[in-house]
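Notes for the structure review
Letter by letter, the chains look like this.
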Amino acid sequence: MSTDFAATRALFSLPEGVIYLDGNSLGPLPRAAAERVRACVEDEWGGMLITAWNQAGWIDLPRRLGDRIGRLIGAEPGAVVLGDTLSIKVYQALASALELRPERRVILSDTGNFPSDLYMADGLVRTLGDSYELRTVAPEAVEDAITPDIAVLMLTEVDYRTGRKHDMRRLIAKAHDAGALVVWDLAHSAGAIEVDVAGTDADFAVGCTYKYLNSGPGGPAFIYIAPRLAPQVRPALSGWLGHEAPFAFDLDYRPSAGIDRMRVGTPPVLQMAALEASMDIWDRVEMADVRARSIELSQAFIDGVEAACPTLKLASPRDAEARGSQVSFRHPEGYAIMQALIARGVIGDFRAPDILRFGFTPLYTTMEDVRAAVVALNGILERADWDREEYKTRAKVT
Ligand SMILES: *Cc1c(COP(=O)(O)O)cnc(C)c1O
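This structure is a prediction, so every number in the text was calculated from the model and none was measured. Within every chain, residues take consecutive numbers counted from 1 along the sequence as written. Thresholds applied to this predicted model are a pLDDT of at least 70 for local features of residues and 80 or more for the giving and counting of side-chain atom pairs; totals over whole chains, interfaces and linings are not thresholded and use all residues. Hydrogen atoms and water are omitted, and side-chain values are computed over all heavy atoms in the structure.

1. Thoughts on the UniProt feature "modified residue: N6-(pyridoxal phosphate)lysine" (unreviewed entry) in the chain
Operational definition: UniProt positions are given in the numbering used here, feature names are shortened, and annotations may be inferred rather than shown by experiment. Under the scheme used here, helices are H or I runs from DSSP no shorter than 4 residues and strands are E runs no shorter than 2 residues, and both carry numbers assigned from the N terminus. Contacts are residue-level and defined by heavy atoms, with any inter-residue pair within 4.5 Å sufficient.
According to UniProt, the "modified residue: N6-(pyridoxal phosphate)lysine" (unreviewed entry) feature falls on Lys 211. Position of Lys 211 relative to the elements: it lies in the loop between strand 9 (204-208) and strand 10 (221-225). When sequence neighbours within four positions are dropped, the list of residues in contact with Lys 211 reads Gly 23, Asn 24, Ser 25, Leu 26, Gly 27, Ala 187 and His 188.

Right, dumping it as structure tokens:
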């Protein structure tokens, strides 16, 4: 293994006494991020003012950082760009993909998809009118539902609740055989598992940077288009920074060559500064090592919880190959149990109706963390510590 995980852990600022098993939802703070953001605020914004777009290279950050993320998902250089939020990138990719199959009208997705992806697809269908359809089937039924009327298959590779992983290569091949395009949401894949968008012949892919990639709350999303397709893509959100020559200020829109056409407006520079600090860590990491360690950590957690906490039922696939980098358990009192656990310094999260979710992020999570989390969970269940009003009152964010 070439990745030194003790070294990467030292590069994150984690609060004393906290075991953080929620980096799948919001990555922790890279130690260098505070100084990088300070320099961006004071030296670049404060000192250079508007000249920083050129002098500090702000204008190219969405592509420069896009390439660094691209390495982690197996993208060709120059095929990934940052901007906007994931929901918007889902919409943009989906609308663009649909236009490439004008004779077809159906978007196929699954009921395990993240609601925002389905809401965005539904909204797009309503905008396009009655002849379009969003069809959702159970995750296990997706493969058989790929019929010749499907224009676009839109899937999230790793299920946000259970961690169940789709077989990207197989589904892409099936979709392409049926003449459909595929939009992948890699929200729970980028930085979590090995992804090979180029090698699997993916068409479009999108994902966020504030989960496993640690850009901080509200960090921009990324979008990938296969270079073979990009020149044919009409960007659905045709903003000025996706124009071939934004500073010509032409009245007519001409898309930029390649992935730059998926840019929309002014990118979030401060947030990208934080992401740069995180990518300095990711540049030292091999995804094969991350995956191997993630499986070790996840397996140890499953074994530990199943031995110590028999009332928790595994909601994730048992086979590591069929799972992303998270492990979920079901319990009718899952919310209260998670609150009690967080009160003891072990942070995971809860997803309705009954899922306790734990993310495994080898960059800063150790086997000792896993063992201590199992001990804490066992203690809470044995003593029914969760059975208190304060743990049962739902907060706005769960
Ligand atoms: C986290 C997540 C989102 C969130 O989208 P934002 O626009 O960044 O809030 C969307 N889709 C999936 C699959 C996610 O996991």
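Next comes the rest of the description.
2. Some remarks on the UniProt feature "binding site: pyridoxal 5'-phosphate" (unreviewed entry) in the chain
Going by this rule: Categorising residues by exposure relies on relative accessible area from a 1.4 Å probe, with only protein chains included: less than 20% of the type maximum marks a residue as buried, more than 50% marks it as exposed, and the intermediate range marks it as partly exposed.
Taking the numbering used here, the UniProt-annotated feature "binding site: pyridoxal 5'-phosphate" (unreviewed entry) corresponds to Leu 86, Ser 87, Phe 114, Pro 115, Ser 116, Asp 117, Thr 156, Asp 185, His 188, Tyr 210, Trp 240 and Thr 266. With the annotated positions falling across 181 residues, the maximum pairwise C-alpha distance of 30.0 Å shows that they are not confined to a single cluster. The topology assignment puts Thr 156 in strand 7 (residues 150-156). Since its relative accessible area comes to 8%, Thr 156 is described here as buried.

3. Examining the site of the ligand
The cut-off we apply is this: Note on terminology: near, applied to a residue and a molecule or strand, indicates that one of the residue's heavy atoms is within 4 Å of it. Nitrogen and oxygen atoms within 3.5 Å of one another constitute a polar contact, given that in protein one can donate a hydrogen and the other can accept it, and given that sequence-neighbouring residues count only through two side-chain atoms. What sets the accessible areas is the Shrake-Rupley method with a 1.4 Å probe; for residues, cover comes only from the shown protein chains. Classification convention: Asp, Glu, Lys, Arg as charged; Ala, Val, Leu, Ile, Met, Phe, Trp, Tyr, Cys, Pro as nonpolar; all other residues, Gly among them, as polar.
Lining the immediate surroundings of the ligand are Thr 85, Leu 86, Ser 87, Phe 114, Asp 117, Thr 156, Asp 185, Ala 187, His 188, Tyr 210 and Lys 211. A distance of 2.7 Å is found between an oxygen atom of the ligand and a side-chain nitrogen or oxygen belonging to Ser 87. In the environment of the ligand, an oxygen atom lies 2.8 Å from a nitrogen or oxygen atom belonging to the side chain of His 188. In isolation the ligand exposes 390 Å². Once the protein is present, 86% of that is buried. Each residue belonging to the shell around the ligand can be placed in one class, and the counts come to four nonpolar, four polar and three charged.

4. Some thoughts on the pairing of strand 10
For a regular strand, the rule is simple: side chains alternate between the two faces of the sheet. Quick reminder of the rule: By definition, two strands form a pair when at least two bridges between them are found by DSSP.
Of all five residues in strand 10, five are buried; the element is thus mostly enclosed. Here strand 9 runs beside strand 10; their pairing, made up of five bridges, is antiparallel. Counterpart to Cys 208 in the pairing with strand 10 is Ala 221.

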